[in-house]
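Residue strings, one per chain:
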Amino acid sequence: MKIRETAVAGQFYPASAEEIEAMFAHFNKVLEENIKDPKLLQMKTRAVIVPHAGYVYSGFTANIAHRLLGNSRVKRVVVIGPSHRVYVSGTSVGQYDLYETPLGDLPVDRVLADEIIQKFGMSFIPDAHHEHSTEVQMPFIKKYLPDARVVEMVYGDESPIRLAPVIEWLLADPATGVVISTDLSHYYDIEKAKRLDSICLDAVSKLDPAELHRGCEACGKIGVEAMLIAARNLGLEPMLLDYRTSADASGDTSQVVGYMSAAFMED
């Protein structure tokens, strides 16, 4: 049995289930006390964009999207994120049996993983799967969709045009959800960060892939662009859920990282 073991537990997020549960409870308490329209929390989505920094920085932003994804009760979730550690030609699809999290293991949908590889000419590159952009999403999935199966996809030198049809094909199945992982700008002062990040936010809210190339510096821009192309082709409506920077947690406005979450809604 092949297990995708945790690579960044205790670094990007707590290694203990109790600490993770406490963080999620805190995120939800803050969310419920401050949300302007409580009806938002009843909405369902099968496609989200989420950040992937340490939970203390971006966990609140990611939590909103994962909570709405949980409302959909999908049976499988495909998590797509950029490779930060190793060069990847194209996209690697994790051919594992179990995905380890501190909240309990998630079964991998091996049949779906194999089908993606065969149908779209992808491969399994084991070295790519020590990736935090995808791993930090798994405890959220275990929390909000405890019975779901997962597939991890990590891309490097990839084309959004090649990735978009994969997302469209996945979302054609009403029992499947897609998580696109990205942070926004990195290590600018807060004014410049917000200026650059606003380009990313506008592109998502308008479903305009071309706008991403006018200054958006998201590390997962390839996945975001693929999602926008797929959403436009599928007639999905974008909804921005949250935006903040690392300064909200650290207080340091001199070198910040931007975080966004968004959902794509069906009519």
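See the structure shown above.
Bear in mind the structure is a predicted one, so any value in this text is a computation, not a measurement.

Criteria and cut-off values
Residues numbered from 1 in each chain as written. Predicted model: local features only at pLDDT ≥ 70, side-chain atom pairs only at ≥ 80, totals over all residues. Heavy atoms only, no water. Helix = DSSP H or I, 4+ residues; strand = E, 2+ residues; numbered from the N terminus. Rg over C-alpha atoms; globule rule 2.2 N^0.38 Å. Buried < 20%, exposed > 50% of the residue type's maximum accessible area, 1.4 Å probe, protein only. Contact = heavy atoms within 4.5 Å. Areas by Shrake-Rupley, 256 points an atom, 1.4 Å probe, with all protein chains shown as cover. Lys, Arg positive; Asp, Glu negative; His and termini not counted. Charge placed at Lys NZ, Arg CZ, Asp CG, Glu CD. Bend = angle between axes of the 7 residues up to and from the residue. Expected span 1.5 Å × (residues − 1). Pairing = 2+ DSSP bridges. Polar contact = N/O pair within 3.5 Å; in protein donor to acceptor, adjacent residues only side chain to side chain.

Draft legend 1. Region of interest: the overall build of the protein chain. Within the protein chain one finds nine helices and 11 strands. Taken over the C-alpha trace, the protein chain has a radius of gyration of 17 Å; the compact-globule value for 267 residues is 18 Å, and the two agree within 12%. In terms of its C-alpha atoms, the protein chain occupies a principal-axis envelope of roughly 45 × 45 × 40 Å. Among the 267 residues that make up the protein chain, the fraction classed as buried is 57%. Within the protein chain, contacts between residues at least 6 apart in sequence are counted, and of these 79% link residues at least 24 apart. Of the roughly 11,200 Å² of accessible surface on the protein chain, a fraction of 49% belongs to carbon and sulfur atoms. Both charge centroids of the protein chain, one from 26 positive and one from 37 negative side chains, sit 4 Å from each other.

Draft legend 2. Spotlight on helix α2 (residues 55-71). Largest kink in α2: about 30°, centred on Thr-61. Within α2, 14 of the 17 residues are buried, which leaves the element mostly enclosed by the surrounding structure. Immediately downstream of α2, the backbone of Arg-73 shows phi near 55°, a positive value.

Draft legend 3. Inspection of helix α8 (residues 221-234) at higher detail. Its 14 residues give α8 an end-to-end C-alpha distance of 20 Å, which sits within 8% of 20 Å, the value for a rise of 1.5 Å per residue. Of the residues making up α8, those classed as buried are Gly-223, Val-224, Glu-225, Ala-226, Met-227, Leu-228, Ile-229, Ala-230 and Ala-231. In this fold, the buried residues of α8 make contact with β2 (47-50), β7 (149-155), α6 (160-171), β8 (176-181), α7 (190-206) and β11 (256-265). Positive phi appears at Gly-235, one or two residues downstream of α8, with a value of about 70°.

Draft legend 4. Structural view of the sheet that holds strand β6 (residues 106-107). Spatially, β1-β5-β6 is the arrangement adopted by the three strands of the open sheet, whose pairing is mixed. Edge positions in the sheet fall to β1 (3-4) and β6, since each of these pairs with one other strand and no more. Bridge analysis of β1 against strand β5 (residues 98-99) gives two bridges, and the strand direction is parallel. Bridge pairing in β5 places Arg-4 opposite Tyr-99.

Draft legend 5. Expanded view of the side chain of Ser-133. The residue Ser-133 is located in helix α4 (residues 132-135) in this model. A distance of 3.0 Å separates the side chain of Ser-133 from the backbone oxygen of Pro-82, its partner in a polar contact. Non-local contacts of Ser-133, meaning those with residues more than four positions away in its chain, are made with His-52, Gly-81, Pro-82, His-84 and Ser-181.

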